[in-house]
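Here is what each chain is made of, one letter per residue.
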Amino acid sequence: MKGMKGLLLKDLYFMQRHMRVYLLLMLVFVLLPGQLPLLAVIYSVMLPITVLAYDDNVKWPELAAMLPFSTRVLVFSKYLLGYIFSGCFVLLAILARVAYKFCWPLVTSGPVDNDFALSSDFISFMLLIWLASLVLLSLNLPLMFCLGAEKGRLAFILTMGLFFGIAIPLSSLSVPISSDVMFPGMLLLAASINAASYALSVKLYDKRLRTA
């Protein structure tokens, strides 16, 4: 898409200047043991929302309406930002476990602690969390494009509460579901919801730009 590189660079420059501490904390979460890396992946979908809030504060929608960017490109740049960062944090979490596997014998003669171990279960867990984060992203971005930063933040908090209110009880159910079934199902669900979400966001943001 024409102009996508420039839009991504704009957002990355903002994050480099204003969100260094936030990104550092997320990187620390990725390197921590157990299931803590999931926090970094879930929080990564908040990055496009924070950037959108900044765009509203500096009147970016009004400026974007005068620039040669299509609405589709403007919208997809925020989705792509979430996809890139959530995917990168999943990859970093897996690579960290690979590093622990090779570095552990240099520290101790014992086996790698389970909280730091690389296993198929950990990889499956992180991939499922990644897909769940993409679903969460797809639910919130249309609200931000429609309502703007302030009202969108409140809607995001409510959506997060609803998301975890459903996910936590479901995760405690002892229903044997194979990852061979779970992952394709989640992948199809995430792809379908994101496609519908993107189409809706384009319509909502186009309407907003016309009235800006």
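About the cut-offs
Residues numbered from 1 in each chain as written. Predicted model: local features only at pLDDT ≥ 70, side-chain atom pairs only at ≥ 80, totals over all residues. Heavy atoms only, no water. Phe/Tyr/Trp six-rings, centres within 6.5 Å; stacked < 30°, edge-to-face > 60°. Buried < 20%, exposed > 50% of the residue type's maximum accessible area, 1.4 Å probe, protein only. Helix = DSSP H or I, 4+ residues; strand = E, 2+ residues; numbered from the N terminus. Salt bridge = Lys/Arg side-chain N within 4 Å of Asp/Glu carboxyl O. Contact = heavy atoms within 4.5 Å. UniProt positions renumbered as here; feature names shortened; annotations may be inferred. Axes fitted to C-alpha atoms, helices over the stretch in contact; angles between N-to-C directions. Parallel < 35°, antiparallel > 145°, perpendicular 65-115°, else oblique. Nonpolar A, V, L, I, M, F, W, Y, C, P; charged D, E, K, R; others polar. Expected span 1.5 Å × (residues − 1). Arc of directions from axis to C-beta.

Per an unreviewed UniProt entry, the protein chain carries the name ABC-2 transporter permease and comes from Candidatus Avidehalobacter gallistercoris.

Counting across every chain of the model gives seven aromatic pairs. Measuring from ring centre to ring centre gives 6.4 Å for F76 and Y83, while their planes differ by 70°; the resulting arrangement is edge-to-face. Exposure remark for F76: the relative accessible area of 24% places this residue in the partly exposed category. Centre to centre, the rings of F76 and Y198 are 5.7 Å apart; their planes meet at 80°, and the pair counts as edge-to-face. Of this pair, F76 sits in helix α6 (residues 71–107) while Y198 is found in helix α9 (residues 179–210), placing the two residues 122 residues apart along the sequence. By relative accessible area, which is 15% here, Y198 ends up buried. Through successive ring pairs, a cluster of aromatic residues spans F76, Y79, Y83 and Y198.

Moving on to the pattern of salt bridges. Considering all chains together, one arrives at four salt bridges under this definition. D55 serves as the salt-bridge partner of K10, at 3.1 Å between the closest nitrogen and oxygen. Here the residue K10 occupies a position in helix α1 (residues 4–18), and D55 occupies one in helix α4 (residues 47–57), the gap between them amounting to 45 residues. The exposure class assigned to K10 is partly exposed, which follows from its relative accessible area of 24%. As a salt-bridge pair, K78 and D11 come within 3.3 Å of each other at their nearest N and O atoms. With K78 in helix α6 and D11 in helix α1, this pair connects stretches of sequence that are 67 residues apart. The exposure classification of K78 matches that of D11, with both residues buried. One network of salt bridges, with partners in common, ties together K10, D11, D55 and K78.

What follows concerns the side chain of S138. Within the secondary structure, S138 sits in helix α7 (residues 120–147). In this structure S138 comes out as buried when scored by relative accessible area, which is 3%. With near-sequence residues (within four places) excluded, S138 lies in contact with Y79, I193, N194 and S197.

Moving on: the UniProt feature "transmembrane region" (unreviewed entry) in the protein chain. According to UniProt, the feature "transmembrane region" (unreviewed entry) maps to residues 21–46, 58–75, 80–102, 122–147, 154–175 and 181–200 in the numbering used here. End C-alpha to end C-alpha, residues 58–75 measures 17 Å, and it is 56% helix and 0% strand. Annotated as residues 80–102, this span is 100% helix and 0% strand, and its ends, taken at the C-alpha atoms, are 33 Å apart.

Relative orientation of the contacting elements α4 and α7 amounts to 5°, with a least axis distance of 10 Å. In terms of orientation, α4 and α7 fall into the roughly parallel class. In this structure, α4 uses P48, I49 and L52 to contact α7, whose residues at the interface are L137, N140, L141, M144 and F145. Looking at the contact of α4 with α7 residue by residue, the class counts come to seven nonpolar, one polar and no charged.

In this section: unusual backbone geometry. Here the phi dihedral of K59 falls at roughly 60°; this positive angle occurs in a residue that is not glycine. On the secondary structure map, K59 appears in the loop between α4 and α5 (60–64).

Now for α1. Here α1 spans 21 Å end to end across 15 residues, near enough to the 21 Å set by a 1.5 Å rise per residue. Within α1, the full set of buried residues consists of M4, L7, L8, D11, F14 and M15. Buried residues of α1 fall within an arc of 125° about the axis and therefore sit on the same side. Structural note: α1 exposes K5, Y13 and R17 on the side pointing more than 90 degrees away from its buried face.

Before going further, it helps to spend a moment on the environment of P61. Positionally, P61 belongs in helix α5. Overall, the relative accessible area of 5% leaves P61 in the buried class. Along the backbone, P61 and L74 are 13 residues apart, and their C-alpha atoms lie at a distance of 9.6 Å. Ignoring anything within four residues of it in the chain, the contact list for P61 reads D55, D56, Y205, R208 and L209.

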